[in-house]
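Chain and residue survey
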Amino acid sequence: MLTANSDLQLGLDLVGVFVFALSGGLVAVRARLDLVGVVVLAWVAGLGGGMIRDVLIGDTPPVGVSDWRLMLAACVAGLITFALHPRVERIARLVRVLDAAGLAVFAVSGAMKAVLFSVAPVTAAVVGVITAVGGGLLRDVIVGQVPAVLRNELYAVPALLGSVVIVVAARLEHLTSLVVWAAVVLVFAVRMAAVVLDLNAPQPLRTGDPS
Amino acid sequence: MLTANSDLQLGLDLVGVFVFALSGGLVAVRARLDLVGVVVLAWVAGLGGGMIRDVLIGDTPPVGVSDWRLMLAACVAGLITFALHPRVERIARLVRVLDAAGLAVFAVSGAMKAVLFSVAPVTAAVVGVITAVGGGLLRDVIVGQVPAVLRNELYAVPALLGSVVIVVAARLEHLTSLVVWAAVVLVFAVRMAAVVLDLNAPQPLRTGDPS
Amino acid sequence: MLTANSDLQLGLDLVGVFVFALSGGLVAVRARLDLVGVVVLAWVAGLGGGMIRDVLIGDTPPVGVSDWRLMLAACVAGLITFALHPRVERIARLVRVLDAAGLAVFAVSGAMKAVLFSVAPVTAAVVGVITAVGGGLLRDVIVGQVPAVLRNELYAVPALLGSVVIVVAARLEHLTSLVVWAAVVLVFAVRMAAVVLDLNAPQPLRTGDPS
C-alpha cells in the first residue's frame, strides 16, 4: 500500500522543498549573503531536513544530493528569491501559509519514509519531526541565529502530531492515502491555528537571574 | 568479554545522557528558548555526541533516535530543567561534578562501542572523544555560542585519556570491567582536578594584533 | 584507470588538508580559542568537508577519523598555527594562494571519490563542491561567524567548475591524470583570478527595507 504512494510522496516532497527553500532564500537575503549564499541556504532549508533523515536511517546518498528534481526545485526557489525578494517579502503572509504546508508535508513524508525503512515506531516519529524542522534549524544556525523553531511558536508540536498519526496508522496496517492526507491537513491546521491565534509553547519562568 | 559489558554500557550511557541533557536544558533556559527548545537542546546535548559517533561508524539509526530509554532520559532531564531551573542553577556546582561524570562515561562508552565495531584504534580513540564532547559542542553552536570545549578548561583532554586507555586495553585483549571502571575514574579525576585547580589548555600568545 | 590515481588522490588530499587546517587554526586563534580549540578547528577545517562527503556517500568511518596520515597533517597544521600564528598571519597572502590550491584539490578529489562510489553524476558534482567548501563552512559556523563562502567572493563557483569537469570526464570514460591535473589547475586559476580581480558573486538588490 505504501509503495502505491510513491508518486504522492514525490509530490509532497516537491511542494515542501520549494516552499522551505523560499524561506531559506529570504533568510539569506536578509543576512546579506550573495547569490551563492542564497542558493545554498535555499538548498539547506529545503533539503537539509531530508538529508538529516536519510543519514539517520542509513539511506545514502540522501535525496538532497541525489534527486535532481528536488535539487532543481530548491535552486529555482533560491533564484526566485534572489531576483524577486522584495515581492517575496511583500507576500510574507502567504509565505507563512506555504511554510505551514511545507511543515505538514515534510513531517508526513519523513515519517512515511522512516516507516518504509522499517525503523522502530518511536524512531519513525522522531525522524518525521526532524525531517520537518531540521532544514529550518540548519538554515538559522548557518546565519548565526538561534533557530526559530526552538524559541517560540508551536512549530515542532504539529509536526510531531502528524508524524505520530502516520506511525500509528502504519502500525495498524492502515496507512491509506486518506490517512496520509488527513495527517497533512492536521499538521497544517494546527500550525495555522498557532499562527493565527499566536499560540506559543510555554516559556521557562523568569527568575531574579543572578548571572 | 565486551558483550558481557552491554548492561554496564547501557547504565553508563543512561547516566551520561541524563546529566548532559541537564546541561543542555540549562543552556536553553538561559538562552530564553521555549519548552520545545529546552527539550530539543536537552536531547541534543545528551544524545548528540552519540549520534555523531553512530553516524561516523555507520551504525544507523543512531541510538539518539532509536533507543527509547536514552531518549526518555534526555526528555525527563529537559522537563526537569524547564520546571525547576532556578533550583538546578542553584546546584550548578553539583551539575559540574555530574558533567564530569558524564564526560567520563561518554568517552569510555563511546570508545568501547567504536572498538566493538572493529574500527582502527586511532578511529576508536577519536570517536570516544567525539562522543564525549560532540553533544556539548552542538548544544553551544545551536544557541550561537562559541563551544565551551574549544575555549578554555581541560575538557577534551581527559576524554582523550580515557578513550586511549580503552583502545589500548582492547588492543591488548584486556578490556575487563576493572579497566573500564579505571578509565571512567581516570577521566573523572582529571576533569575534576582541572575544575578545582582551574587548569586550562594553553592559549595562543597575544600579538600586537593589527585587526 | 581511476584506481591508478589512488596515490595521486592521497597526495592531493594531504596538501588540501594541510592548507585548510592552517586556515582553521588561524580562525581559531583569532576567535581566542585555546590549544584544544585550535587543533579541533584545524581538524574541522581540514577534514570536515571530506567527512561530510563520506557520510553522504555512505563510506563510513570517514577518512577524517580513520586515515591517520590526514589526521596527522591536520594536527601538525594546528600546532604550527598555534605556535607561530603571528608569522602565519604575516604570510596571509600566501595562505590565500594555498587556500586556492586546497579548494582545487578538494573539489577534484571529492568528485573523484564520489565517481568511484558510482553515485549519479549530479550527486558526484555536488559532493565535490561540498568536499571543497564544507570544512570552511563548519569552521565558520562553530566560531559563530556567517560562513565566508556564502557571503562574498567567488569560492564555490570554481569548485563547481572543477567538479563538473571530473564528472563529465568520468562519464566519457576519459578520466586520465591529465584531465585531473587540468581540473585542479582550472579551479586554482579561476579562484586566483577571483582573488586578484576581486570578483564577487552578485548581491541581492538592496531595497528600502521595511523591516
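Residues numbered from 1 in each chain as written. Chains lettered and ligands numbered in written order. Predicted model: local features only at pLDDT ≥ 70, side-chain atom pairs only at ≥ 80, totals over all residues. Heavy atoms only, no water.

A word on the interface of chain C and chain A. In this assembly, 28 residues from chain C lie in contact with 24 residues from chain A. For the pair chain C and chain A, the number of links is 0 salt bridges. At the junction of chain C with chain A, the criterion picks out 3 residue pairs in polar contact (both at pLDDT 80 or more). Of the residues forming the side of chain C that touches chain A, the biggest block, 6 residues, is contributed by helix α6 (residues 121–142) of chain C. (Contact = heavy atoms within 4.5 Å. Salt bridge = Lys/Arg side-chain N within 4 Å of Asp/Glu carboxyl O. Polar contact = N/O pair within 3.5 Å; in protein donor to acceptor, adjacent residues only side chain to side chain. Helix = DSSP H or I, 4+ residues; strand = E, 2+ residues; numbered from the N terminus.)

To continue, consider the interface of chain A and chain B. Residue-level contacts link 28 residues of chain A with 24 residues of chain B. Of the roughly 2100 Å² buried where chain A meets chain B, counting both sides, 73% is carbon and sulfur surface. When the area that chain A buries against chain B is broken down by residue, the three leading residues are A:L56, A:L150 and A:P204, summing to 28%. Run the count over chain A and chain B and you get 0 salt bridges. Linking chain A with chain B are 3 residue pairs in polar contact (both at pLDDT 80 or more). (Buried area = accessible area lost by both parts, 1.4 Å probe.)

Quick look at the side chain of C:R191 now. Residues and elements named next belong to chain C. With respect to the helices and strands, R191 occurs in helix α9 (residues 177–197). You can call R191 buried: its relative accessible area is 4%. Apart from residues lying up to four places away in sequence, R191 is in contact with R96, A100, L103, E153, L154, Y155 and P158. (Buried < 20%, exposed > 50% of the residue type's maximum accessible area, 1.4 Å probe, protein only.)

Note on the identical chains: chain C maps onto chain A by a rotation of 120° and an axial translation of 0.0 Å, with an RMSD of 0.0 Å. Here the copies are linked by what is in effect a three-fold axis. No C-alpha of chain C lies nearer the rotation axis than that of C:G144, which sits 3.5 Å from it. With a heterologous cut-off of 20% or less, the 7% of interface residues of chain C that recur at the interface of chain A puts this contact in the heterologous class. (Least-squares fit on C-alpha atoms with pLDDT ≥ 70 in both.)

Sequence-wise, C:R191 and C:E89 are 102 residues apart; in three dimensions their C-alpha atoms are separated by 20 Å. At 2.8 Å, the side chain of C:R191 and the backbone oxygen of C:L154 are in polar contact.

The end-to-end C-alpha separation of helix α1 (residues 6–30) of chain B is 36 Å, in line with the 36 Å expected for 25 residues at 1.5 Å each. Two residues or fewer past α1(B), B:R32 is found with a positive phi of approximately 60°. (Expected span 1.5 Å × (residues − 1).)

All names here are of chain A. Taking the UniProt record as the reference, the feature "domain: Glycine transporter" (unreviewed entry) is found at residues 12–85 and 97–170. For residues 12–85, helix accounts for 86% and strand for 0%, while the C-alpha atoms at its two ends are 25 Å apart. Along residues 97–170 one finds 82% helix and 0% strand; the C-alpha atoms at either end are 28 Å apart. (UniProt positions renumbered as here; feature names shortened; annotations may be inferred.)

Moving on, we get to the pattern of salt bridges. Under the counting rule described, the total for this entry stands at 15 salt bridges over all chains. Here A:K113 ties to A:D59 by a salt bridge, and the two come within 2.7 Å at their closest N and O atoms. Taken together, the residues A:K113 in helix α5 (residues 92–116) and A:D59 in the loop between α2 (35–57) and α3 (63–66) connect sequence positions 54 residues apart. On the basis of relative accessibility, which here comes to 10%, the residue A:K113 falls in the buried class. Between B:D54 and B:K113 there is a salt bridge whose closest N-O contact spans 3.0 Å. With B:D54 in helix α2 (residues 35–57) and B:K113 in helix α5 (residues 92–116), this residue pair connects regions lying 59 residues apart in the sequence. Owing to a relative accessible area of 0%, B:D54 belongs among the buried residues under this scheme.

There is a patch of nonpolar side chains on the surface, built from A:W68, A:L72, A:V76, A:I80, A:L84 and C:V122 and spanning about 500 Å² of accessible area. Examining the composition of the nonpolar patch, we find that 5 residues originate from one element, helix α4 (residues 68–90) of chain A, more than from any other. Mapped onto the secondary structure, A:W68 falls in helix α4. (Patch = residues over 30% accessible without salt bridge, like charges linked within 9 Å, V, L, I, M, F, W, Y side chains within 5 Å. Areas by Shrake-Rupley, 256 points an atom, 1.4 Å probe, with all protein chains shown as cover.)

All right, on to the UniProt feature "transmembrane region" (unreviewed entry) in chain A then. Residues and elements named next belong to chain A. Cross-referencing UniProt, the feature "transmembrane region" (unreviewed entry) maps to residues 12–29, 36–56, 68–85, 122–142, 154–172 and 178–197 in the present numbering. Counting secondary structure, residues 122–142 comes out at 100% helix and 0% strand; the distance between its end C-alpha atoms is 29 Å. Regarding residues 154–172, the helix share stands at 84% and the strand share at 0%, and the terminal C-alpha atoms are separated by 28 Å.

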